[in-house]
Amino acid sequence: MIDEKNIIEKIIKGDIDSYSLLINEYQNDIYSLCLSIVKNVDDAMDMTQEAFLIAFENIKSFKYKAKFSTWLYRIAYNLCVNYVKRKGDLFILENDETFNVEIEDKTSGIWEEIEKEERIRLINEGLKRIKDSDRLIIELKDIKGLSYEDISTILSLPMGTVKSRLFRARENLKKVVENMMKKGDFNK
Amino acid sequence: MEKKELIFNIHELIDSKKEKEEILEIFKNDEILLDRYKSLSIMLDDLKNIETPKIPVNLEKSIVKKLKVKQRRRVLSLSLSFALSIIFLIILFFPSLDKKENKILPFVFNKQYKYTISNYVTMNNINNVEITLYVKDNLIEEKSGYLKIPKEEFELLFETLNEKGDLIINKIEGTGEKTDYINIKINYKNNPKISFTGLMGSILPYIIIAILFFIPLPFLIKKYKKWKLY
């Protein structure tokens with residue numbers, strides 16, 4: 001674990017080389033966030049680089065109210081969303097009030113039946129089939145393990161909204177994966 | 001409680017730090033919710049094992065390099081601004097850069113051998129006054145002379161001129177004889193200091209034009225870079 005506070009203080013004093021430590025620590029996380037929004041490797045690389053440059057330029061305004069990573073995520077998220085909007089692609093964290101939960105037959109059996117590796121493959125496939133906004137929130141919470149508070153800061157949404165959207169996204173993913181399982185779209 | 005709320009509770013319980021056994025105990029009487037909890041918790045456990053894409057190229061070096069170039073440029077532009085400010089201040093206040101000009105004040109001769117000054121330029125910045133005399137006399141030969149007097153003396157002379165409106169000829173050395181006509185030219189070294197208002201009057205329009213010209217440049221460069229990036 002790196003001592004972020006110490007590194008940030010060094011950077012503020014003008015030590016650019018210390019920034020390498022932060023870049024190495026977070027570039028993969030920021031890249032995967034950017035990729036899930038812009039959906040293009042080159043653009044995601046550019047966005048990642050830009051996010052780090054912006055963060056460096058504004059590091060004096062970082063007041064430790066959130067973690068550095070959360071602050072960096074927020075910069076990258078805003079950058080990518082603006083980029084996507086400018087390009088004319090739609091990326092909206094819409095509030096789907098009409099979302100209905102269906103309790104169908106019992107499904108835990110089928111989940112237990114399938115090998116873990118195969119389940120992971122199906123979930124990966126399912127993630128590609130759900131909405132971008134659902135995938136993003138699952139990625140932040142369930143894959144990267146960020147807290148609700150961090151996600152709320154990154155997406156500029158109230159914590160309650162984050163929770164309800166995550167709930168909806170998980171349910172959507174579950175439904176998609178279970179449909180694939182029911183269709184036998186896997187190797188038993 | 002609505003189905004939606006019940007399922008939302010499952011998500012909440014999974015996200016809480018509660019032990020699995022504790023949660024199972026909560027749902028033990030509702031098979032459907034228990035099943036829902038089991039399938040959901042398997043999915044969430046599997047999600048933890050999903051690998052996110054890794055960056056294809058390490059950006060560390062390129063970012064650090066860009067930052068260093070930016071910093072160098074910033075230092076350079078700061079030095080440049082500092083140097084320009086210094087030059088500006090030197091121009092503003094350094095006396096050796098003062099303008100020097102020669103002016104000739106004509107004195108008009110009259111028949112009573114008196115000379116009246118026709119115009120006068122402010123003496124504020126005059127150090128020395130040089131007077132050239134040219135005498136054409138019927139009795140003696142043509143003569144010309146050169147007289148250099150300190151400013152203070154000339155000021156006294158000028159005060160006299162200013163009060164009386166003329167200058168009596170015999171006050172000028174070497175002109176005691178009768179003359180037909182005498183030309184007196186005053187060549188004085190005018191060292192006007194560049195005053196702030198004077199400078200502003202002459203340089204300010206250029207400065208304003210330069211500022212107006214350069215103001216949009218950083219914005220345009222930034223815009224161009226962004227468009228290039230996106």
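Remember, predicted model here, so these are calculated numbers, not experimental data.

Here is what the cut-offs are and how they apply
Residues numbered from 1 in each chain as written. Chains lettered and ligands numbered in written order. Predicted model: local features only at pLDDT ≥ 70, side-chain atom pairs only at ≥ 80, totals over all residues. Helix = DSSP H or I, 4+ residues; strand = E, 2+ residues; numbered from the N terminus. Buried ≥ 20, exposed ≤ 12 C-beta atoms within 10 Å, placed from the backbone. Contact = placed C-beta atoms within 7 Å. Axes fitted to C-alpha atoms, helices over the stretch in contact; angles between N-to-C directions. Parallel < 35°, antiparallel > 145°, perpendicular 65-115°, else oblique. Left-handed = near helix turned anticlockwise from the far one by under 90°. Nonpolar A, V, L, I, M, F, W, Y, C, P; charged D, E, K, R; others polar. Expected span 1.5 Å × (residues − 1). pLDDT = per-residue confidence, 0-100.

**A word on the overall build of chain B**
- Scanning chain B from terminus to terminus reveals seven helices and six strands.
- Along the chain direction, N to C, the helices and strands of chain B fall in the order α-α-α-α-β-β-β-β-α-β-β-α-α.
- Taking all 230 residues of chain B together, the buried fraction comes to 10%.
- If you take every contact in chain B between residues at least 6 apart in sequence, the share linking residues at least 24 apart comes to 67%.

**Topic: the packing of helix 6 (residues 116-129) of chain A against helix 9 (residues 159-182) of chain A**
All names here are of chain A.
- Running from N to C, helix 6 and helix 9 point in directions that differ by 125°, and their axes come no closer than 9 Å. The angle between helix 6 and helix 9 places the two elements in the oblique class. In this structure, the crossing between helix 6 and helix 9 has a hand that is right-handed. Mapping the contact onto sequence places Leu122, Ile123, Glu125, Gly126, Leu127 and Arg129 in helix 6 and Leu173, Val176, Val177, Met180 and Met181 in helix 9.

**A few points about the interface of chain B and chain A**
- The partner chain A presents 43 residues to the 36 residues of chain B that form the contact.
- Elements supplying a minimum of two residues to the side of chain B that touches chain A: helix 1 (3-15), helix 3 (31-48) and helix 4 (60-93) of chain B.
- With twelve residues, the top contributor of residues to the side of chain B that touches chain A is helix 3 of chain B.
- Class assignment of the residues belonging to the side of chain B that touches chain A gives a composition of 19 nonpolar, six polar and eleven charged.

**A short note on the environment of Ala44 of chain A**
All names here are of chain A.
- Relative to the elements of secondary structure, Ala44 occurs in helix 3 (residues 41-57).
- C-beta crowding within 10 Å serves as the criterion here: with 24 such atoms nearby, Ala44 is assigned to the buried category.
- For Ala44 and Tyr31, which are 13 residues apart along the polypeptide, the C-alpha to C-alpha distance reads 6.0 Å.
- Apart from residues lying up to four places away in sequence, Ala44 is in contact with Tyr31, Cys34, Leu35 and Val38.

**A closer look at the packing of helix 2 (residues 19-38) of chain A against helix 3 of chain A**
Residues and elements named next belong to chain A.
- For the pair helix 2 and helix 3, the least separation of the axes is 8 Å and the interaxial angle reads 135°. As judged from the angle between their axes, helix 2 and helix 3 are oblique. The handedness of the crossing between helix 2 and helix 3 comes out as right-handed. Here Tyr19, Ile23, Gln27, Ile30, Tyr31, Cys34, Leu35 and Val38 of helix 2 lie close against helix 3, whose contacting residues are Val41, Asp43, Ala44, Met47, Thr48, Ala51, Phe52 and Phe56.

**A closer look at helix 4 (residues 68-87) of chain A**
All names here are of chain A.
- In this model helix 4 runs 29 Å from its N-terminal to its C-terminal C-alpha over 20 residues, within 8% of the 28 Å that 1.5 Å per residue would give.
- Trp71, Leu72, Tyr73, Ile75, Ala76, Tyr77, Leu79, Cys80 and Tyr83 are the residues of helix 4 that are buried.
- Turning to helix 4, the residues buried within the fold contact helix 2, helix 3 and helix 8 (148-155).
- Backbone geometry just downstream of helix 4 places Gly88 in the positive-phi region, at approximately 95°.

**Regarding the confidence of the model for chain B**
Residues and elements named next belong to chain B.
- Averaged over all residues, the pLDDT of chain B equals 65, while 46% of them reach at least 70.
- Looking at the elements of chain B, mean pLDDT is at its lowest for strand 5 (residues 167-168), recorded as 39, and at its highest for helix 3, recorded as 88.
- Across residues 134-142, where pLDDT falls below 50, the model places 21 contacts with residues more than four positions away in sequence or in other chains.
- In this model residues 164-192 is a low-confidence stretch, pLDDT under 50, and it forms 77 contacts with partners more than four residues away in sequence or in other chains.
- Across the assembled chains, the prediction reports ipTM 0.85 with pTM 0.64.

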